[in-house]
Amino acid sequence: MAVSGLIFIAFVLSHMYGNLKAFSGHDAYNTYAEHLRSVGEPVLPREGLLWLIRAALLGSLVVHVYCAAVLWRRAAKARTTKYVMKRNVASTLSSRMMRWGGVTLLLFIVWHLLNFTVGKINVEGGATNDPYNLLVDSFDTWWLTVIYLIAMVALGMHLRHGVWSAAQTLGLTNNVAARRNANALGVLVAVVIAGGFSLVPIFVLAGVITK
Amino acid sequence: MAEKDTVPDMTDVTDFPETGSPQEEPNDAAGYYADGDPLIDKKAPTGPIDERWENRKFNARLAAPANRRNLSVIIVGTGLAGASAAATLGEAGYVVKSFCYQDSPRRAHSIAAQGGINAAKNYKGDGDSVHRLFYDTVKGGDYRSRESNVYRLAEVSRNIIDQCVAQGVPFAREYGGLLDNRSFGGVQVSRTFYARGQTGQQLLIGAYQAMERQVAAGTVETFTRHEMLELVMVDGRARGIIARDMVTGEIETHLADVVVLASGGYGNVYFLSTNAMGCNVTATWRAHRKGAYMANPCYTQIHPTCIPVSGEHQSKLTLMSESLRNDGRIWVPKKREDCDKDPRDIPEADRDYYLERIYPAFGNLVPRDIASRQAKNVCDEGRGVGPLVGDFRRGVYLDFAEAIARMGKDAVEEKYGNLFDMYARITGEDPYEVPMRIYPAVHYVMGGLWVDYDLQSTIPGLFVTGEANFSDHGANRLGASALMQGLGDGYFVLPNTVRDYLADGPFEKIDENHPAVVEARSAVEQRINALLTINGDRSVDSFHRELGHIMWEYCGMERTAEGLRKGIDLIRSLREEFWRNVKVLGSAESLNQSLEKAGRVADFLELGELMCVDSLHRRESCGGHFRAESQTEDGEALRDDENYSYVAAWEFTDEGALPVLHKEHLVYTAIEMKQRSYK
Amino acid sequence: MKVTLKIWRQPDAASKGAMHTYEVDDVSPDMSFLEMLDVLNERLNAQGEEPIAFDSDCREGICGMCGLMINGQAHGPEVTTTCQLHMRSFKDGDEITIEPWRADAFPVVKDLCVDRGAFDRIIQSGGYISVNTGAAPDAHAVPVPKDKADRAFDAATCISCGACVAACPNGSASLFVGAKVTHLGELPQGQAERDRRVVSMIGQHDHEGFGGCTNIGECTAACPKEIPLDVISRLNWDLHAALRHGK
Ligand SMILES: Cc1cc2nc3c(=O)[nH]c(=O)nc-3n(C[C@H](O)[C@H](O)[C@H](O)COP(=O)(O)OP(=O)(O)OC[C@H]3O[C@@H](n4cnc5c(N)ncnc54)[C@H](O)[C@@H]3O)c2cc1C
Ligand code: HEM
Ligand code: HEM
Ligand code: SF4
Ligand code: F3S
Ligand code: FES
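Residue positions within a chain follow its written sequence, with the count starting from 1. Chains and ligands are labelled by the order in which they are written, letters from A for the one and numbers from 1 for the other. Local features are withheld for residues below a pLDDT of 70 in this predicted model, meaning they are given only at 70 or higher, and side-chain atom pairs are given and counted only at 80 or more; totals for whole chains, interfaces and linings count all residues. With hydrogens and water set aside, each side-chain value is computed from the structure's full complement of heavy atoms.

What to know about the overall build of chain C
A count of helices and strands for chain C gives eight helices and seven strands. Each principal axis of the C-alpha atoms in chain C carries an extent, and together these give about 60 × 35 × 35 Å. Classification of the 247 residues of chain C by burial places 67% in the buried group. Of the contacts made within chain C by residues no fewer than 6 positions apart, 68% connect residues no fewer than 24 positions apart. Every accessible area reported is derived by Shrake-Rupley at a probe size of 1.4 Å, with residue values counting cover from the shown protein chains alone. Of the roughly 7,700 Å² of accessible surface on chain C, a fraction of 51% belongs to carbon and sulfur atoms. Neither His nor the chain termini are counted; the positive set is Lys and Arg, and the negative set is Asp and Glu. The atoms used to mark charge sites are NZ of Lys, CZ of Arg, CG of Asp and CD of Glu. Computing the positive centroid from 23 side-chain charges and the negative centroid from 35, chain C places the two 6 Å apart. Put simply, DSSP marks the helices as runs of H or I at least four residues long and the strands as runs of E at least two long, and each gets a number from the N terminus on. Throughout this description, buried means an accessible area under 20% of the type-specific maximum (1.4 Å probe, protein chains only), exposed means over 50%, and partly exposed covers the range between. In this description, contact between two residues means that some pair of their heavy atoms is separated by no more than 4.5 Å.

Below is the structure:
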């Protein structure tokens, strides 16, 4: 679980970095998209690295979702009679929202892939073969931006607990200071990633990034 | 921390005083008991004291490993005494069944011991030795214990520490990585090993884990939430128990070749004590009724520093470490009308630091029994503090104002912080601001079933260990020695002596239809049925509380012939009312806590009377037993070695019939008897 | 003061339970929570209604026998055991909901009593150091650095009450298992069995039907002995090490 989660984190970090290229304008962004596909040539075939990454992501997804499902099921079976009254005193909302946050993310990813990779759906009906334009068209649509922003909130929460949790699962948080640091890192990663991703849609909607 | 640090030697010795030397005393208890034959411990070893145990071990017969699988042992109790015995006998390969009334063996009341455990390791190089520990313990027990047993205890004390450390018991350590020690309960050497304020818990977890390991190995089977209600005897031997599964209510028969009782102390006969809610006498009392003698039942230790009763609802008392007396000063107002004032408004001149006044040499550090009795005296004079309990305020101040001024608040907090927090949690008062209130409470019983040197009772095949037997502490127990006794007996003594007994086994197979078994079972069923069908007006608790009041009043810190006789009368009529008027609801076929309590209180009602009779017949003051009739001119305890240096072992004859007294005379060859003094 | 109690009543493991409402009016703030229930039970007994079953023994916070879910919190609003909770933590007129620990691995025995035998079985699976009586070397043969000894001690203070399970949204007993693994794993005496211990204890934990830990942290907040989350990290670390060593 922790390993797959960390692979996701590595991916979203670099993905976010890529997205921010949108601020550099049409060409820089498209060059980057192209670069993604051609990198490693001629050692690797075209899109070779991309497929490697995709395979790793897909594998992680399977592991991650499988583990999540097992944990969910075990937790459900561990307490079949619910409390009439239960108060949570120490846990973060993020930690308790992991499962629903995960489901949200899964739905988001499905849509996201349809949107940008697999289906290339342009809700404004414009061209789909130009990544930069597809992006700007998408986020010009207010409700799509809202969907993305909601997903980013889910992602941020998932990461806020996920980073800390992964550290704990890996057995790295053996004292008070380490635990404090892991939690702080969780907040940092969450803010940077969710915040970073959110910039592009917001700025597109606000008309700062345009075709 | 219950019992720790440097309360000075409570057993300072002077020569036997001239005044009040022994003479023929009138028999106060005439008509309350019958005289029986003297009792002789046939297993008592002879020879040089330091070779006795070695010889006994060597002479104990062996059982071949292959045979052990056919030999079975029942152990009632999973405290230090029972769990350590179960683990060790399991390792040896016997078939062991272990019983406790809690939902896990690890919850036995040994868990509550705070202060520490003694061992003659001499790790501090301060002159400790087996002989010194032996000497201190006999002296502390006011020369009413058996010297061979105490010597053995001191010998095995060293092995206990080795064993526990190997099991992972996290004793306190010094920076160098070696074990730390402190001095404790009136001795001049540092021999007490401790694990913060939870020594009992850590030792018990060690024994419990060793026992659970044997459960996994298949040699020990545990029966939790099972209460022993009867002993099964066949042909004069203990062969099993009748127990109730407290969840299903089923009455079960368990048979074996040996029965070991490690069922703890009966301090709850006083209702309020530092014992756990479930501590009881049922296991040992049932055995007593079947022929096991009960020895010195009146020897009760009353601990001076407990949190006082706060009202009628009180269900139990909590111990505060004796170490508080090192820095706190004990006082009460001089004038009765000051008793409900804010203590901080009472000027120095109007305070009576009574221990410092009466015992200028020892002051607040006088031994437990003295501190307890004086607290009672000042409260009886109407100078107690705190809430009214009945007609009296039952509390005295333990004041740290002077210590805080002298050492600073931080230093006080560093030393006693956890105790202050505990006090604040229970009372809601801040001891840094307002003086603490303390009062004595029943803590430990030195009495118990009589056992010989092998820890075997007067019933063959019935062994008794831990607080349940009477063996090692005489009339008073030194701090940190009950844990030592429990583990010493369980790990090192019983496995040898039980083995010797089992060398004659396996005994004839019996089954559940044996008439003796059927009879024991139906006795239990009838009793339960009786309790459930009386359907009177009074709850079990109300009887228990009333019994407690009687015991505390007449068989508590100070006992008189007149009071004891009155107590006996009151107990008799209370017992009669109990069997006529108790109200126990619910059924026998499920968890029924009222029913459990009712059975225990019924036995306490019989035990209480015997305790009073024992007190009444022992017209001397020794250790925890203070008879007002036997004191020096200035009000101190006066022992009577000429007439009473014996163990009083009581035989049960019949319901309503007089108990029979058998005396086991105590002979000291390795130590000289002296009178205690602390002025 | 006066309080209204909503209490779970269930005649035995097989029956269905339900909440019942009781009023107790002569409550003194100096009473412990369990003494308040004692008072209620005395009254029920007098009225001919069977008293409420709840567990307690030492009533000084060390045996781990007591444990109630009070207003949705394991052991109630203070960081202590139920028996050490006092009525001064409540106000006149409060409504207090009292339930048993809820976990399928801790089946209800009656009313507020549950069966925590699963904890004993977890210990049986490896929560010990194997040393036969009499086979121990001198206690000073192996020095233990004070910091290790202290850490072992902190973990060893667990009283097996089960509040961690009761509070954990996943019904996990990881804090309990972690405490034992840390206690024994910190000490030199515990090294030989360290790998085997963690693997079999976690195996038994899962087998008993406790949930998996997702590091939520409610357990440590409910723990009356304040066992820190370190022990779960430690448990994971030891598990990975054991798996690496091929156990
Ligand atoms: C608060 C407190 C602090 C103390 N501090 C110290 C200290 O610092 N040092 C020291 O040396 N001593 C101390 N003592 C004394 C010491 O703890 C006890 O004397 C000792 O632990 C008793 O151990 P045990 O094994 O004999 O009995 P216990 O530990 O009481 O065990 C009794 C066992 O018998 C079982 N049982 C009882 N009746 C039945 C029945 N009818 N059927 C089935 N099972 C039954 C119980 O379930 C339990 O398992 C203290 C005592 C108290 C109360
Ligand atoms: C695909 C949909 C996803 C689902 C269904 C999902 C679900 C879950 C669940 C149920 C957990 C366990 C809760 C916990 O350990 O506290 C979890 C943990 C975690 N998730 Fe996700 N998640 C998803 C996607 C992601 C993504 C995209 C990332 C990172 C960008 C991520 C990172 C993590 C991390 C780091 C953990 C902690 C792992 C651990 O505790 O060992 N997850 N996830
Ligand atoms: C608002 C922020 C985001 C934007 C603008 C964005 C944009 C894009 C775009 C344009 C692509 C197509 C790239 C290409 O084909 O060259 C893409 C692919 C992808 N994105 Fe995002 N994305 C965002 C957030 C996310 C998040 C949060 C995740 C995961 C949790 C994610 C996961 C993916 C994946 C898995 C792919 C497919 C990569 C591949 O084809 O291998 N994206 N994204
Ligand atoms: S870890 Fe804490 S909450 Fe859990 S059983 Fe131990 S003491 Fe109780
Ligand atoms: S609350 Fe539960 S999820 Fe883990 S950190 Fe504690 S066991
Ligand atoms: S009753 Fe023992 S911990 Fe509460």
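Focus on the confidence of the model for chain B
Summary of the metric used: pLDDT quantifies the predictor's per-residue confidence within the range 0 to 100. On average, chain B scores 92 in pLDDT, and the residues at 70 or more come to 96%. In this model, residues 1–23 of chain B is a region of pLDDT below 50 whose contacts with residues beyond four sequence positions or in other chains number 92 contacts.

Quick look at the coordination of the iron atom of ligand 2
All names here are of chain A. Coordination of the iron atom of ligand 2 by the protein comes from His64 (NE2) and His158 (NE2), over a distance range of 2.0 Å. Distances decide who is a donor: an N, O or S atom must be within 2.8 Å of the metal, or within 3.2 Å for Na, K and Ca. Water is not included, so sites may look incomplete. Square planar and octahedral assignments, for four and six donors respectively, both demand that opposite donors be over 155 degrees apart and that all other angles lie between 65 and 115; tetrahedral needs four donors with all angles between 85 and 135 degrees, and anything else is irregular. Each of the six donor atoms bound to the iron atom of ligand 2 contributes to angles spanning 85 to 179°, and the resulting shape is octahedral. With a gap of 94 residues between them, His64 in helix α3 (residues 48–78) and His158 in helix α7 (residues 142–169) connect regions that are remote in the sequence. Residue His64 shares its accessibility class with His158, and that shared class is buried.

Structural notes on the interface of chain B and chain C
Contacts between the two partners involve 72 residues from chain B and, on the opposite side, 75 residues from chain C. Two parts placed together each lose some accessible area; with a 1.4 Å probe, that loss summed over both constitutes the buried area. Taking both partners together, chain B and chain C bury about 6,100 Å²; carbon and sulfur atoms supply 51% of that area. If you sort the residues of chain B by the area they bury against chain C, B:Arg107, B:Arg213 and B:Arg425 come out on top, with a joint share of 11%. Note on definitions: salt bridges are taken to be side-chain nitrogens of Lys or Arg within 4 Å of carboxyl oxygens of Asp or Glu. Put simply, B:Lys316 and C:Glu60 hold a salt bridge, and the shortest N to O gap is 2.8 Å. Pairs of N or O atoms within 3.5 Å make up the polar contacts considered here, provided that, within protein, one atom can donate a hydrogen while the other can accept it, and that residues adjacent in sequence are counted only when both atoms are side-chain atoms. Across the contact surface, chain B and chain C share 45 residue pairs in polar contact (both at pLDDT 80 or more). Of all elements in the fold, only α3 (80–92), α5 (147–167), α6 (199–217), α11 (409–427), α12 (482–502), α14 (540–554) and α16 (593–617) of chain B reach the threshold of two or more residues within the side of chain B that touches chain C. A total of nine residues in the side of chain B that touches chain C trace back to one element, the largest contributor, which is α6(B).

Some thoughts on the coordination of the iron atom of ligand 3
Residues and elements named next belong to chain A. Distances from the iron atom of ligand 3 to its protein donors, namely His15 (NE2) and His112 (NE2), fall within the range 1.9 to 2.0 Å. Classification of the site at the iron atom of ligand 3 as octahedral follows from its six donor atoms and the range of 87 to 179° in their angles at the metal. Taken together, the residues His15 in helix α1 (residues 2–19) and His112 in helix α5 (residues 98–116) connect sequence positions 97 residues apart.

Here's the deal with the pairing of strand β4 (residues 95–99) of chain B
Residues and elements named next belong to chain B. Whether two strands pair depends on DSSP finding at least two bridges between them. Alignment of strand β3 (residues 72–76) against β4, held across five bridges, turns out to be parallel. Within β4, the residue paired with Ser72 across the bridge is Val95. In this view, the connection linking β3 to its parallel neighbour β4 by way of α3 has right-handed handedness. Relative to strand β7 (residues 220–223), β4 is paired through four bridges, and the arrangement is parallel. Within β7, the residue paired with Ser98 across the bridge is Thr222. Classification remark: right-handed applies to a crossover when, strands pointing away from the viewer, the course from the first strand over the helix to the second runs clockwise.

Focus on the site of ligand 5
Neighbouring ligand 5 are the residues C:Cys168, C:Asn170, C:Ser172, C:Cys213, C:Thr214, C:Asn215, C:Ile216, C:Gly217, C:Glu218, C:Cys219, C:Leu229 and C:Ile232. Any residue that is not Ala, Val, Leu, Ile, Met, Phe, Trp, Tyr, Cys, Pro, Asp, Glu, Lys or Arg is counted as polar, Gly included; the first ten are nonpolar and the last four charged. Considered class by class, the residues forming the shell around ligand 5 number six nonpolar, five polar and one charged. Near residues are defined by distance, with any heavy atom within 4 Å of the molecule or strand qualifying the residue.

A word on the domain arrangement of chain C
Residue and element names in this part refer to chain C. Here chain C is partitioned into domain 1 (3–109) and domain 2 (116–129 + 144–244). Domain start and end points were adopted from an automatic or database domain assignment. When each unit is reduced to the centre of its C-alpha atoms, the spacing between domain 1 and domain 2 is 28 Å. Contacts between domain 1 and domain 2 engage 17 residues on the former and 20 residues on the latter. Contact with domain 2 buries area across many residues of domain 1, yet Val79, Ala105 and Phe106 alone supply 38% of it, more than any other trio. One can count four residue pairs in polar contact (both at pLDDT 80 or more) joining domain 1 with domain 2. Its residues placed into classes, the side of domain 1 that touches domain 2 shows 11 nonpolar, five polar and one charged.

Overview of the nonpolar core
A general feature of soluble globular proteins is that nonpolar side chains tend to end up buried together. Here the nonpolar core consists of buried residues drawn from Ala, Val, Leu, Ile, Met, Phe, Trp, Tyr and Cys, with membership extended through side-chain atoms lying within 4.5 Å. The biggest cluster of nonpolar side chains holds 233 residues, and the ones touching the most others in it are B:Ile117, B:Phe171, B:Leu261 and B:Leu462. The element contributing the most residues to this core is α16(B), with 12 residues. Contacts of B:Ile117, omitting those with residues within four sequence positions, involve B:Ile160, B:Ile161, B:Phe171, B:Arg191, B:Thr192, B:Phe193, B:Thr199, B:Leu203, B:Ala480, B:Leu483, B:Met484 and B:Leu487. Ranked by size, the runner-up nonpolar core spans 27 residues in total, among them A:Phe108, A:Val136, A:Phe139 and A:Met152.

What about the side chain of B:Arg146?
With respect to the helices and strands, the residue B:Arg146 is situated in the loop between α4 (130–140) and α5. Ignoring any residue separated from it by four or fewer positions in sequence, one finds B:Arg146 in contact with B:Asp41, B:Trp450, B:Val451, B:Asp452, B:Tyr453, B:Phe470, B:Ser471, B:Glu664 and B:Leu666.

Focus on helix α5 (residues 174–186) of chain C
Here α5(C) contains 13 residues, and its C-alpha end-to-end distance of 17 Å stays within 8% of the 18 Å for a straight helix at 1.5 Å per residue. Across the 13 residues of α5(C), 13 count as buried, placing the element largely inside the fold. What a helix is expected to span follows from its residue count: subtract one and scale by 1.5 Å.

Some thoughts on the sheet that holds strand β9 (residues 237–245) of chain B
All names here are of chain B. Spatial ordering of the open sheet is given by β8-β9-β10, a layout of three strands whose pairing is antiparallel. Lying at the two open borders of the sheet, with one neighbouring strand each, are β8 (226–234) and β10 (251–255). Shown here is a sheet whose adjacent strand axes are inclined to one another by a mean of 30°, direction ignored. Looking at chain direction, β8 and β9 are connected through eight bridges and run antiparallel. Pairing of Met233 across the sheet is with Ala238, part of β9. Axes here refer to lines fitted to C-alpha atoms; in helices the fit is confined to the stretch in contact. Angles between the N-to-C directions go from 0 to 180 degrees.

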